[in-house]
Amino acid sequence: MNRFVIYLIFILILLTCIGNVFASDKYLFQSKQQANQFFELTHEFRCLVCQNETIEASYAPLAVDLRNQIYKMILQGKSSSTIKSYLVSRYGDFILFKPPFNRITFFLWVSPILFLFIGFLFVYFLNRREHKLLQH
Amino acid sequence: MMKWPGYFKLILPVIVFGLLVYFLWQGLQYNPHIIPSPFIGKRIPDFKSQTLANPNHSISNNDLSGKVILLNVFATWCYACRAEHSVLMDIHNSGEVAVYGLNYKDKRTLAKQVLKKYGNPYNKVIYDPSGKVGINLGVYGTPETFIIDRRGIIRYKYIGPISPNEWQDDILPKVKQLREEAAV
């Protein structure tokens, strides 16, 4: 196969990814603000069926229903925090991609930095000891 | 750095590794599709719907309180629901506890057909073709079964089909325990 064919195949494969841009249903909003609100919110929530997808991207029936619900609430003028608590009160914190920062999740958020810090301490003291040993 | 005995320095990484393995192993046991319900301890949300049997009859959250009951979310398109159907029939026939149904995002005629053909374990069935009642209950996948106490408060939620063992060893004892609670 010559180079041209390989490039062509490569580009054709890339073109299939464009389909994702049009994956969502068409929702009509009253303002750019509302459209942005919809975009943001639907990317913040996890689809509980296809759990690594956002509610925006997922084709699962539950995701479709929740997109419709969010759309309705935005047209009613509900705020993002109202919509968020609507969903969290029904599905729990797991529906948020970013877990909330509170007493229960404190360790979840802090522990990576904590371990990194402990690691640095360890390396630091190790170096000090070796340095001292070298001096003797 | 403090002076630590030599063997301690050898054991420490092993201990840390052991701890890591323990926690990661525990993590493997968790099923991500079993999501804890935020409704435990909360009252059933208000709703009013037609019953499956008769569009002229309605059923509301008030009908679901007064005694300990099971509320089972099912649909004809749900394959796993067929699996638990015989268990539900056993529960219904045993008379131990009343079972109510939530027919979720389904077609009335299909649901009625299936219940007629395979048996109807439900005292009454909420007809929820749009899924609105389901969303208000935090339903994300069928089958799901709620245990509701006398006061209409959701006490437990089961995700997935109920096996005969789960009924005997888990659900029935919980139902009995809830019955012992003093009526408020």
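Look up: the structure comes first, before these words.
Every value quoted in this text rests on a predicted model; they were computed, and no experiment measured them. (Residues numbered from 1 in each chain as written. Chains lettered and ligands numbered in written order. Predicted model: local features only at pLDDT ≥ 70, side-chain atom pairs only at ≥ 80, totals over all residues. Heavy atoms only, no water.)

K.L.:
I would appreciate a short explanation of the sheet that holds strand β3 (residues 69–74) of chain B in the present structure.
P.N.:
The strands making up a sheet are joined through hydrogen bonds of the backbone, oriented either antiparallel or parallel. Residues and elements named next belong to chain B. One open sheet holds the five strands; their spatial order is β5-β4-β3-β6-β7, and the pairing between them is mixed. Looking at the sheet topology across the chains shown, the edges are occupied by β5 (125–128) and β7 (154–159). When strand polarity is set aside, the average angle formed by the axes of neighbouring strands in this sheet is 20°. As defined by bridge partners, β3 adjoins strand β4 (residues 98–104) across six bridges and the pair is classed as parallel. Bridged to Leu70 within β4 is Val99. (Pairing = 2+ DSSP bridges. Helix = DSSP H or I, 4+ residues; strand = E, 2+ residues; numbered from the N terminus. Axes fitted to C-alpha atoms, helices over the stretch in contact; angles between N-to-C directions.)

K.L.:
I keep staring at the nonpolar core and nothing clicks. Help me out?
P.N.:
It is characteristic of soluble globular proteins that their nonpolar side chains tend to be buried jointly. Ranked by size, the top nonpolar core spans 41 residues in total, and within it A:Tyr91, A:Ile95, B:Leu71 and B:Leu137 carry the most contacts. For this core, the elements supplying multiple residues, two or more each, are α2 (32–44), α3 (61–75) and α4 (80–91) of chain A together with β3, β4, α4 (132–136) and β6 (144–148) of chain B. Sorting elements by how many residues they give to this core places α3(A) first, with six residues. When sequence neighbours within four positions are dropped, the list of residues in contact with B:Leu71 reads B:Leu64, B:Tyr100, B:Gly101, B:Leu102, B:Ile126, B:Leu137, B:Glu144, B:Thr145, B:Phe146 and B:Ile148. If you look at the next biggest cluster of nonpolar residues, it comprises 25 residues, including B:Phe74, B:Tyr122, B:Tyr127 and B:Ile147. (Core = buried A, V, L, I, M, F, W, Y, C linked by side-chain atoms within 4.5 Å. Buried < 20%, exposed > 50% of the residue type's maximum accessible area, 1.4 Å probe, protein only. Contact = heavy atoms within 4.5 Å.)

K.L.:
Is there a simple way to explain a nonpolar patch on the surface in this structure?
P.N.:
The grouping of A:Phe4, A:Val5, A:Leu8, A:Ile9, A:Phe10, A:Ile11, A:Leu12, A:Ile13, A:Leu14 and A:Leu15 at the surface amounts to a nonpolar patch, some 960 Å² of accessible area in total. Within the fold, A:Leu12 resides in helix α1 (residues 3–16). (Patch = residues over 30% accessible without salt bridge, like charges linked within 9 Å, V, L, I, M, F, W, Y side chains within 5 Å. Areas by Shrake-Rupley, 256 points an atom, 1.4 Å probe, with all protein chains shown as cover. Salt bridge = Lys/Arg side-chain N within 4 Å of Asp/Glu carboxyl O.)

K.L.:
Could you clarify how one ought to interpret the packing of helix α2 (residues 79–94) of chain B against helix α3 (residues 108–118) of chain B in this entry?
P.N.:
All names here are of chain B. At a minimum axis distance of 12 Å, the contact between α2 and α3 shows a crossing angle of 55°. When the axes of α2 and α3 are compared, the pair comes out oblique. Seen along the crossing, α2 lies across α3 with a hand that is right-handed. Contact with α2, carried on its side by Arg82, His85 and Met89, involves Val114, Leu115 and Tyr118 of α3 and no other residues of that element. (Parallel < 35°, antiparallel > 145°, perpendicular 65-115°, else oblique. Left-handed = near helix turned anticlockwise from the far one by under 90°.)

K.L.:
Would you mind going over the state of the cysteines with me for this structure?
P.N.:
Disulfide: a covalent bond connecting the sulfur atoms of a pair of cysteines. Residues and elements named next belong to chain A. This structure, assessed with the given rule, holds one disulfide over all chains. Residue Cys47 stays outside any disulfide, its sulfur separated by 4.5 Å from that of Cys50, the closest cysteine. Judged by relative accessible area, which is 2%, Cys47 ranks as buried. (Disulfide = S-S within 2.5 Å.)

K.L.:
Got a minute to help me understand the packing of α3(A) against α4(A) in this structure?
P.N.:
Each pair of packed helices can be summarised by the angle the axes make with each other and by the distance between the axes. Residue and element names in this part refer to chain A. At a minimum axis separation of 10 Å, α3 and α4 run at an interaxial angle of 145°. The chirality of how α3 crosses α4 is right-handed. The segment α3 lies against α4, with Leu62, Leu66, Gln69, Ile70, Met73 and Ile74 engaging Ile83, Tyr86, Leu87 and Tyr91. Of the residues assigned to the contact of α3 with α4, the class counts are nine nonpolar, one polar and no charged. (Nonpolar A, V, L, I, M, F, W, Y, C, P; charged D, E, K, R; others polar.)

K.L.:
How should I be thinking about the pattern of salt bridges in this particular structure?
P.N.:
Where charged atoms of side chains with opposite charge meet at close range, the side chains can pair. A complete count under the given rule lists seven salt bridges over all chains for this structure. For the salt bridge of A:Lys84 with A:Glu44, the shortest nitrogen-to-oxygen distance reads 3.1 Å. Separated by 40 residues along the polypeptide, A:Lys84 in helix α4 and A:Glu44 in helix α2 bring together distant segments of the chain. The class for A:Lys84 is partly exposed, based on a relative accessible area of 30%. Of the residues examined, A:Glu44 reaches a relative accessible area of 29% and is grouped as partly exposed. Residues joined by salt bridges that share partners form a network here, namely B:Asp149, B:Arg151, B:Arg155 and B:Glu181.

K.L.:
Whenever I open this one, the side chain of B:Asn61 confuses me. Can you help?
P.N.:
Residue and element names in this part refer to chain B. Within the fold, Asn61 resides in the loop between β2 (58–60) and β3. The buried category is assigned to Asn61, whose relative accessible area is 13%. Within the structure, Asn61 has its side chain in polar contact with the backbone nitrogen of Phe47 (distance 3.1 Å). Residue contacts for Asn61: discarding those within four places in its chain leaves Ile44, Pro45, Asp46 and Phe47. (Polar contact = N/O pair within 3.5 Å; in protein donor to acceptor, adjacent residues only side chain to side chain.)

K.L.:
So what exactly am I meant to see when it comes to the pairing of β4(B) here?
P.N.:
Two faces make up the sheet, and in a regular strand the side chains alternate between them. Residues and elements named next belong to chain B. Most of β4 sits out of view: seven of its seven residues are buried. Burial of β4 is two-sided: the residues Ala98, Tyr100, Leu102 and Tyr104 facing one way and the residues Val99, Gly101 and Asn103 facing the other way are all buried. After leaving β3, the chain enters α2 and then returns to the sheet as β4, a path that is right-handed. Pairing of β4 with β5 involves four bridges; the strand directions are parallel. Each residue of the ladder has a partner; that of Tyr104, found in β5, is Asp128. In this region the chain leaves β4, passes through α3 and returns to the parallel neighbour β5; the handedness of that crossover is right-handed. (Right-handed = clockwise from strand over helix to strand, strands pointing away.)

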